[in-house]
Amino acid sequence: MAVIHRTTLKPTKLELLASWLPSRPWYAGEGDEPRLTKAGGFRLDDPDGEVGIEFMVVGDASGAEPADYLVPLTYRGAPLDGAEHALIGTAEHGVLGRRWVYDGCHDPVLLQQLTALIEGRAQAQAQSLTDTPDREVVRSFTGTGPVPTAFAAPADTAGHTDLVAPDGTVLRLLRVLRPAAERPVPAPRGATGHVAGAWDLPDGSRAQGVFFVLS
């Protein structure tokens, strides 16, 4: 069980992301200075208790239209071997000390727990509360076997990030989020699994939409 510490992080997560987001091909803001807010998200527990896993929704008001991005993050107490290209930055945690913050699509611990969530073997946790399930996160899986946990290097596009397993399974992360019309949010047509979650819109309303698609 991950413990949520009420402490400081310097620089903050949003400060780290403000430097990183404009370099992403799916970033739709204008210029190199995003106007970011934390709009929502959830967490997963690492069974070994070593890696923090967070799926953060970040709102950005810098473009002609507001945008909401899904950013999976992992927090580690030491560098992840071979993942220098996926490092977003380092920060000093008031309790845990230095943390290495990664784009979670490149972290095997996050991918293992995400596939466990899709299969129903893991429970989504509230973003800011200890030991509290997030009931707004929904998932489905209609496949016949275990979801792969090993994928090739993530491939970014203008709207999503794809991870492809050796057997051809594709795990798609929707980087630019769109509110869904239905509740609960159904799996997209042709998908064998999905994860959907909730976030706050600029007008104060609460949206729900697809975060991940398995096909």
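Residues numbered from 1 in each chain as written. Predicted model: local features only at pLDDT ≥ 70, side-chain atom pairs only at ≥ 80, totals over all residues. Heavy atoms only, no water.

Regarding the pattern of salt bridges
Working definition: two side chains of opposite charge can pair if their charged atoms are close together.
So, point 1. One pass over the structure, following the stated rule, counts 9 salt bridges.
So, point 2. Notably, a salt bridge pairs E54 with K13, separated by 2.8 Å at the nearest N-O pair. In this pair, E54 is assigned in strand β3 (residues 52-60) and K13 in helix α1 (residues 13-20), connecting sequence segments 41 residues apart.
So, point 3. Residue E54 is classed as buried on the basis of its relative accessible area, which comes to 0%. (Salt bridge = Lys/Arg side-chain N within 4 Å of Asp/Glu carboxyl O. Helix = DSSP H or I, 4+ residues; strand = E, 2+ residues; numbered from the N terminus. Buried < 20%, exposed > 50% of the residue type's maximum accessible area, 1.4 Å probe, protein only.)

As for the side chain of D60
So, point 1. Residue position: D60 is located in strand β3.
So, point 2. One buried charged residue, D60, remains without a salt bridge, the closest side chain of opposite sign being R35 at 6.4 Å.
So, point 3. Reaching out from D60, the side chain makes a polar contact with the side chain of S62 at a distance of 2.9 Å.
So, point 4. If near-sequence neighbours (up to four positions away) are discounted, D60 is found in contact with Y27, G29, P34, R35, L36, E65, P66, A67 and Y69. (Lys, Arg positive; Asp, Glu negative; His and termini not counted. Polar contact = N/O pair within 3.5 Å; in protein donor to acceptor, adjacent residues only side chain to side chain. Contact = heavy atoms within 4.5 Å.)

Section: the environment of T74
So, point 1. With respect to the helices and strands, T74 occurs in strand β4 (residues 67-76).
So, point 2. Sequence separation of T74 and L201 is 127 residues, and the distance between their C-alpha atoms is 24 Å.
So, point 3. Dropping the residues within four chain positions of it, T74 is found in contact with V51, G52, I53, W100, V101, Y102, G104, D107 and L110.
So, point 4. At 2.8 Å, the side chain of T74 and the side chain of D107 are in polar contact.

Digging into the confidence of the model for the protein
Interpretation of the predicted coordinates at a detailed level should be avoided for regions scoring low in pLDDT.
So, point 1. For the protein, the mean per-residue pLDDT works out to 92, and 96% of the residues sit at or above 70.
So, point 2. When the elements of the protein are averaged for pLDDT, strand β1 (residues 9-10) gives the smallest value, 82, and strand β11 (residues 170-174) the largest, 98. (pLDDT = per-residue confidence, 0-100.)

A closer look at the packing of aromatic side chains
So, point 1. Counted by the stated rule, this structure contains 7 aromatic pairs.
So, point 2. Plain terms: the ring middles of F42 and F211 are 6.3 Å apart, the flat faces sit at 10° to each other, and that makes the pair stacked. Of this pair, F42 sits in strand β2 (residues 36-44) while F211 sits in strand β13 (residues 206-214), and the two are 169 residues apart along the sequence. F211 matches F42 in its accessibility class, with the two residues each being buried.
So, point 3. Relative to F212, the ring of F55 has its centre 5.6 Å away and its plane inclined at 90°; by these criteria the two rings are edge-to-face. (Phe/Tyr/Trp six-rings, centres within 6.5 Å; stacked < 30°, edge-to-face > 60°.)

Some details on the environment of Y102
So, point 1. Within the element layout of this structure, Y102 appears in strand β6 (residues 97-103).
So, point 2. Here Y102 falls in the buried class, since its relative accessible area comes to 3%.
So, point 3. Sequence-wise, Y102 and P72 are 30 residues apart; in three dimensions their C-alpha atoms are separated by 8.4 Å.
So, point 4. Leaving out residues up to four positions away in the same chain, Y102 has contacts with P72, L73, T74, R76, P79, L80, A83, A86, L87 and I88.
So, point 5. A polar atom in the side chain of Y102 sits 2.8 Å from the backbone nitrogen of L80.

A look at helix α2 (residues 108-119)
So, point 1. The end-to-end C-alpha separation of α2 is 17 Å, in line with the 16 Å expected for 12 residues at 1.5 Å each.
So, point 2. In terms of burial, α2 is largely enclosed, as 10 of its 12 residues are buried.
So, point 3. Within the span of α2, buried status applies to V109, L110, L111, Q113, L114, T115, A116, L117, I118 and E119.
So, point 4. Of the residues flanking the start of α2, the one acting as N-cap is D107, its side-chain oxygen 3.0 Å from the backbone nitrogen of V109.
So, point 5. G120, located one to two residues past α2, shows a positive phi value of around 95°. (Expected span 1.5 Å × (residues − 1).)

Focus: the side chain of R175
So, point 1. Inspection of the secondary structure puts R175 in the loop between β11 and β12 (193-200).
So, point 2. Judged by relative accessible area, R175 falls into the buried class, the value being 0%.
So, point 3. Within the structure, R175 has its side chain in polar contact with the side chain of T161 (distance 2.9 Å).

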